[in-house]
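# Summary of structural features
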Amino acid sequence: MQVNCRLCGGENSIHPGQEMLFCSYCGSALAIEEDRGPERLILPHDRSDRHAEEALRSFLAARSLASPKDIRLEFAYVPYTMLEDDRGHLFGQPGKGVWPEAGPLTVPPAGSYRFFDEPLAGGEKVIPLDEDPETLALAARVLFLPLYRVRYRAAGKKYRALIMGESYYVFADVLPPERPAPFSAANIIAAASMAVAYLFIGQLGHSAAARILVIMASALIGWGAFTLKARIADRSD
Amino acid sequence: MTETLDKARAEAAAQDVPHEAPASAETFGVSCSACGGSLRVHEGERSIRCEYCGAALLVTRPRGVRGYILDPSISEGKARLAALKHLSEETGGRIKARHASIIDLRMINVPFWRMSGMMAGWMSGDEVIRYQIEVPVPGPEGTKMVKRTQEEKRPFSELTFKRIEWSTPACSLRDLGLQGISLRTQMLQWNVFEHEMQDRLNIALPLKTAAQAQSDGYSYMTTLAAPAGALVKASRFELFGNRLSIYYYPVYVLRYRHAGRIYSITIDGNNGSVIRGDVPTWRKITARSFFLVPAFAAILAGIWWPLLIIAAAATYIYDVAQSGTILPPVRWARERLERWFGGRL
């Protein structure tokens with residue numbers, strides 16, 4: 001953003017958060033008028049659909065959820081009006097006309113914000129700010145944040161999510177169902193041989209009830225030993 | 001001046017394309033009140049001496065904030081090494097540098113608000129004291145002594161006078177894992193922060209305003225001053241020599257990919273230690289199913305082997321009833337086995 005020197009009229013550029021500067025022409029100390037309304041800032045972001053897609057896959061994989069298919073992405077800079085709630089915490093309220101999935105934002109991404117300027121969007125879509133003047137007067141700032149809107153299919157159903165650029169944080173209300181751990185042939189062979197072993201152990205009993213008791217006892221002993229071993233291993237980590 | 005500005009803003013808001021930033025902001029000169037000379041005031045400076053007439057001056061406007069920045073003392077390469085070492089150690093050597101592909105490594109200067117000063121004041125309220133007593137309880141075998149905890153409220157009033165120092169991240173850093181850490185400012189070579197540095201460094205903008213930081217700091221101090229377990233009913237505090245400043249601390253963030261997932265490791269740019277490290281973990285098999293399912297199968301087979309088939313059919317019917325759709329038997333068998341025996345031993 002440009003400011004004019006009060007004394008020589010020279011044009012100086014300032015940065016977000018700056019309150020004072022020295023004129024680059026005449027060197028005089030200048031303070032920036034405090035009452036100039038909310039700053040409009042943008043978080044420039046190099047759009048990367050591949051990274052956004054990976055972020056979504058990673059997000060679902062971390063929660064052991066079904067993997068996404070037919071991922072479709074849209075990208076835009078979305079205006080959030082930063083307001084204070086009753087407890088004095090800042091939150092971002094998406095402007096009107098913004099994607100319906102976008103809800104209030106509690107954690108804007110950390111990054112190098114710049115004063116809003118069309119070229120900083122790099123030719124990407126910018127959703128215009130549409131907010132009442134009264135709300136805007138209360139706002140601390142207006143942030144244009146890079147946001148991916150994602151639609152995907154998982155386990156035969158359609159889902160939606162939003163991904164914040166720069167931090168690649170994923171916002172999703174509805175999540176696909178859980179995905180079981182990968183199929184492991186070794187585990188299944190081990191389990192089958194255990195079943196056979198139990199059958200042999202069962203032969204020690206003379207009656208049906210005794211066989212059942214022997215098998216149950218050995219299973220419980222095995223389970224206990226395994227759990228104990230896992231606990232010890234966890235503690236030594 | 002303000003009137004015309006408001007008008008222009010209202011007009012801009014009424015227009016269809018209001019997202020254009022105001023092209024310029026108004027400024028005012030900072031000059032000596034005694035001789036009128038232009039002063040060299042840095043942001044956040046409160047008291048200065050006029051270089052022309054020598055008058056001691058107190059700066060009332062602008063109320064800027066002093067900023068400090070720390071240069072990273074470890075290089076990017078060192079940060080990368082520290083992150084990979086952490087990765088290898090945390091996974092027990094299973095993942096080494098060649099198994100993880102690094103997506104990016106960035107240095108971010110993270111802002112922290114820091115407040116220091118002398119706090120003086122008083123507070124009053126109730127102090128809750130818990131103590132144990134022995135009470136005689138009559139029973140069938142005579143009277144027994146039983147321990148009981150009793151609570152007592154005692155009114156208290158206290159005068160406090162102490163030096164305080166408080167810091168908080170000025171932006172929310174859930175993605176960096178920097179929540180709840182405080183800043184150590186001692187023994188470090190802090191430089192004065194200039195706004196021009198924003199052009200060449202990746203400096204995170206403080207999203208928490210100075211006023212918010214002040215009020216956060218104030219409420220922190222009140223909780224600190226109260227004795228443990230006390231109920232403060234009334235208090236009044238003053239903070240003397242209150243200085244709020246902003247510190248930009250260097251942090252490296254390394255993101256890497258392993259087996260289709262993205263993880264990130266945050267490295268302290270000053271001492272190279274790992275602040276937070278995200279490493280792959282493997283889902284452990286539940287020992288219960290691993291021991292009890294084969295045992296159950298063995299019991300059924302031992303009694304009468306067709307019971308196994310009956311049990312499998314019963315499980316299938318149960319799963320179909322649960323999901324509400326007819327599952328293809330092969331897919332169902334696979335999913336069942338995965339649920340019981342998937343993961344690492």
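Heads up: these notes are all about the structure in this document. (Residues numbered from 1 in each chain as written. Chains lettered and ligands numbered in written order. Predicted model: local features only at pLDDT ≥ 70, side-chain atom pairs only at ≥ 80, totals over all residues. Heavy atoms only, no water.)

### Thoughts on the overall build of chain B
This is how the line gets drawn: Helical segments are the DSSP runs of H or I of at least four residues, strand segments are the runs of E of at least two, and each set is numbered from the N terminus. With a 1.4 Å probe rolled over the protein chains alone, any residue whose accessible area is under 20% of its type maximum counts as buried; one over 50% counts as exposed, and the rest are partly exposed. In this analysis, two residues are considered to be in contact whenever any of their non-hydrogen atoms come within 4.5 Å of each other.
Looking only at helices and strands, one finds 6 helices and 11 strands in chain B. Relative to its 345 residues, chain B shows a buried fraction of 39%. In chain B, the proportion of contacts linking residues at least 24 apart, taken out of those at least 6 apart, comes to 68%.

### Let's talk about the overall build of chain A
We apply this condition: For the accessible areas, the method is Shrake-Rupley and the probe is 1.4 Å, while residue cover comes only from the protein chains on display.
Looking only at helices and strands, one finds 4 helices and 11 strands in chain A. Nonlocal contacts in chain A, meaning residues at least 24 apart in sequence, comprise 59% of its contacts between residues at least 6 apart. Carbon and sulfur atoms make up 55% of the accessible area of chain A, which amounts to about 11900 Å² in all.

### Focus: the environment of Val110(B)
All names here are of chain B. Along the chain, Val110 turns up in strand β6 (residues 101-139). Val110 gets classed as buried once you look at its relative accessible area, which sits at 0%. For Val110 and Leu205, which are 95 residues apart along the polypeptide, the C-alpha to C-alpha distance reads 8.0 Å.

### Structural notes on the side chain of Ser48(A)
Assignment of secondary structure puts Ser48(A) in the loop between β5 (39-42) and α1 (49-62). Those residues within four positions of Ser48(A) in sequence are excluded, and the remaining contacts are Tyr148(A) and Tyr168(A).

### Considering the environment of Asp70(A)
All names here are of chain A. Inspection of the secondary structure assignment puts Asp70 in strand β6 (residues 69-84). Between the alpha carbons of Asp70 and Ala154 there is a distance of 8.6 Å; along the sequence they are 84 residues apart. Sequence-distant contacts of Asp70, that is, excluding residues within four places in its chain, are made with Arg151, Tyr152 and Arg153.

### Observations concerning a nonpolar patch on the surface
Residue and element names in this part refer to chain B. Just so we agree on the cut-off: Patches were defined on residues exceeding 30% relative accessible area and lacking a salt bridge, with like-charge contacts within 9 Å and nonpolar side-chain contacts (Val, Leu, Ile, Met, Phe, Trp, Tyr) within 5 Å. Salt bridge, as used here: a side-chain nitrogen of Lys or Arg that lies within 4 Å of a carboxyl oxygen of Asp or Glu.
Among the surface-exposed residues, Ile303, Trp304 and Ile310 lie close enough to one another that they form a single nonpolar patch of about 340 Å² accessible area. Turning to its location among the elements, Trp304 is positioned in the loop between α4 (287-303) and α5 (306-323). Residue class for Trp304 comes out exposed when judged on its relative accessible area of 51%.

### Structural notes on the pattern of salt bridges
Residue and element names in this part refer to chain A. Here the structure, examined in full by the defined rule, presents 19 salt bridges over all chains. Note that Glu101 is salt-bridged to Arg149, the shortest N-O span being 3.1 Å. Within this pair, whereas Glu101 is found in the loop between β7 (90-94) and β8 (114-115), its partner Arg149 is found in strand β9 (residues 141-154), the two being separated by 48 residues in sequence. Among the residues examined, Arg149 registers a relative accessible area of 10% and is labelled buried.

### What about the nonpolar core?
To keep things clear, this is the line we draw: Buried Ala, Val, Leu, Ile, Met, Phe, Trp, Tyr and Cys residues form a nonpolar core when they are joined through side-chain atoms within 4.5 Å.
With 43 residues, the main nonpolar core has Trp99(A) and Leu145(A) as its most contacted residues. Mapped onto this core, the elements with two or more residues apiece are β4 (29-32), β6, β9 and β10 (157-164) of chain A together with β5 (66-70), β6 and β9 (230-258) of chain B. Aside from chain neighbours lying at most four places away, what touches Leu145(A) is Leu43(A), Ala76(A), Tyr77(A), Val78(A), Tyr80(A), Leu105(A), Pro109(A), Tyr113(A) and Met164(A). Within the second largest apolar cluster, 27 residues are counted, among which are Ala55(A), Phe75(A), Phe116(A) and Ala154(A).

### Comments concerning the sheet that holds strand β2 (residues 27-29) of chain B
So the rule is basically this: By definition, two strands form a pair when at least two bridges between them are found by DSSP. Fitting a line to C-alpha atoms yields each axis, with helices limited to the stretch in contact; the angle taken between N-to-C directions then spans 0 to 180 degrees.
In space, the 3 strands of this open sheet follow the order β3(A)-β4(A)-β2(B), with antiparallel pairing throughout. Looking at the sheet topology across the chains shown, the edges are occupied by β3 (20-22) of chain A together with β2 of chain B. Taken over all neighbouring pairs, the strand axes of this sheet differ in orientation by 35° on average, direction set aside. As paired strands, β3(A) and β4(A) are joined by 3 bridges and run antiparallel to one another. Note on β4(A): the bridge partner recorded for Met20(A) is Ala31(A).

### Some thoughts on the packing of aromatic side chains
By convention here, two paired aromatic rings are described through the distance between centres and the angle between planes. All names here are of chain A. Under the convention used in this document: Between the rings of Phe, Tyr and Trp (Trp by its six-membered ring), a pair exists once the centres lie within 6.5 Å; its type follows the angle of the planes, with under 30 degrees stacked, over 60 edge-to-face, and the other angles tilted.
On inspection of all chains with the given rule, the structure shows 13 aromatic pairs over all chains. Seen from their ring centres, Tyr169 and Phe171 are 5.2 Å apart, and the 65° between their planes marks the pair as edge-to-face. Taken together, the aromatic side chains of Phe75, Tyr77, Tyr148 and Tyr168 make up a single cluster linked through ring pairs.

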